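The chain contents come next:
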Amino acid sequence: MAVMAVIVPTSNVARAHEPDATEIALGSLVDAELAFARMSLEQGIRAAFLANFSSDGVVFEPAPVRLRAVWPARPQSVDAKAVRLEWQPAQAGVSRSADMGFTTGPSKLTDARRPQFVRHGVFFSVWQRDARHVWRVGIDIGTTTPEAPDFVPLGAAPRAAYVGKTAYSAQRSALLALERRPVTSKHAYADLLALDARLYRDGILPIAGRAAVAEHVASRAVRIEWLPFEVRMSRSADMAATYGSFNASGGSDGDRDGYYVHVWLRDARGRWRLAYDITNL
């Protein structure tokens, strides 16, 4: 899904579209994801994840752990490439400041030792640039799906629309206040959502659109409480990712605890909107 300029092959016609800074950043992010996926196939999952995660990067197992603090201590597999994880970015987005972004798409897990084993899923990664301006994975979570997911029917990925003042500290506080407020009705949850919000839940295909997402969540939980562990925000304060634990009660799923990742984007009026609501349980 790399973004590139369109060249019109006529001597007296200029380039139809010069890529702007956001398009260039988006293209570089997609390239980073593709390189990460390629390394996983060539060198194995462990080597690829350790090479591409930030020093404080978090992976869900299902609880969030700092990958570089935990994975090196684990014994290495005799055959690093026996378990094969394939994925490809289907959609991506970047902040206005081009220092933060996300990628998502289909994944497939297979095991050479078990030829019949195939697990389809969806991955979601939050990326941030490090001090050398290199994209690194900051948060990574995945869900399983009953079949290979098709992202085309979901439509274009949600985008931030805010271009006003940053007010970084104030916006961080405002976002935390939203996260810590219990959700006690379908209306209250829907009011948080972007119009093109996405819902990822283990065992189902992604759901898109405010109405469909709110309907699914409301049918399974009457009350939801989120406890954010961390907030990561772009310098332009138009994109942020939070992760933590949740408790959901009532509804068809009964009482349930788990972990979540949220991606928030600010709309044209500067309001934070929940664009991606993801749990792996």
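Up top is the structure.
Note that the structure is a prediction, hence the values are computed from the model and not measured.

Engineer: How would you sum up the overall build of the protein? Please name residues and give values.
Structural biologist: Of regular secondary structure, the protein possesses 6 helices and 13 strands. A compact globule built from 281 residues should have a C-alpha radius of gyration of about 19 Å, and the protein, at 19 Å, falls within 12% of that. When the backbone C-alpha atoms are referred to their principal axes, the protein occupies close to 65 × 55 × 35 Å. In the protein, buried positions account for 48% of the 281 residues. A sequence separation of at least 24 residues applies to 61% of the contacts in the protein between residues at least 6 apart. Here the protein carries 34 positive and 29 negative side-chain charges, and the mean point of each set is 3 Å from the other.

Engineer: Break down the packing of aromatic side chains for me, citing the residues and quoting the values.
Structural biologist: Taken as a whole, this structure holds 15 aromatic pairs when the rule is applied. Both rings, one in Phe36 and one in Trp127, keep their centres 6.2 Å apart while their planes meet at 80°; by these two values the pair is edge-to-face. One end of the pair, Phe36, is in helix α1 (residues 21-43); the other, Trp127, is in strand β6 (residues 114-129), and 91 residues separate them in sequence. Judged by relative accessible area, Trp127 falls into the buried class, the value being 0%. The interplanar angle of 20° and the centroid separation of 5.4 Å between the aromatic rings of Phe49 and Trp71 together place this pair among those described as stacked. Here the residue Phe49 occupies a position in helix α2 (residues 45-52), and Trp71 occupies one in the loop between α3 (67-70) and β3 (83-87), the gap between them amounting to 22 residues. One aromatic cluster in this structure is built from Phe36, Phe49, Phe53, Trp71, Trp87, Phe123 and Trp127. Its guanidinium or amino end placed over the ring of Phe117, Arg114 lies 4.3 Å from that ring's centre, counting from NZ or CZ. The ring centre of Tyr162 lies 3.8 Å from the NZ or CZ of Arg266, which sits over that ring.

Criteria and cut-off values
- Residues numbered from 1 in each chain as written.
- Predicted model: local features only at pLDDT ≥ 70, side-chain atom pairs only at ≥ 80, totals over all residues.
- Heavy atoms only, no water.
- Helix = DSSP H or I, 4+ residues; strand = E, 2+ residues; numbered from the N terminus.
- Rg over C-alpha atoms; globule rule 2.2 N^0.38 Å.
- Buried < 20%, exposed > 50% of the residue type's maximum accessible area, 1.4 Å probe, protein only.
- Contact = heavy atoms within 4.5 Å.
- Lys, Arg positive; Asp, Glu negative; His and termini not counted.
- Charge placed at Lys NZ, Arg CZ, Asp CG, Glu CD.
- Phe/Tyr/Trp six-rings, centres within 6.5 Å; stacked < 30°, edge-to-face > 60°.
- Lys NZ or Arg CZ within 6 Å of the ring centre and 35° of its normal.

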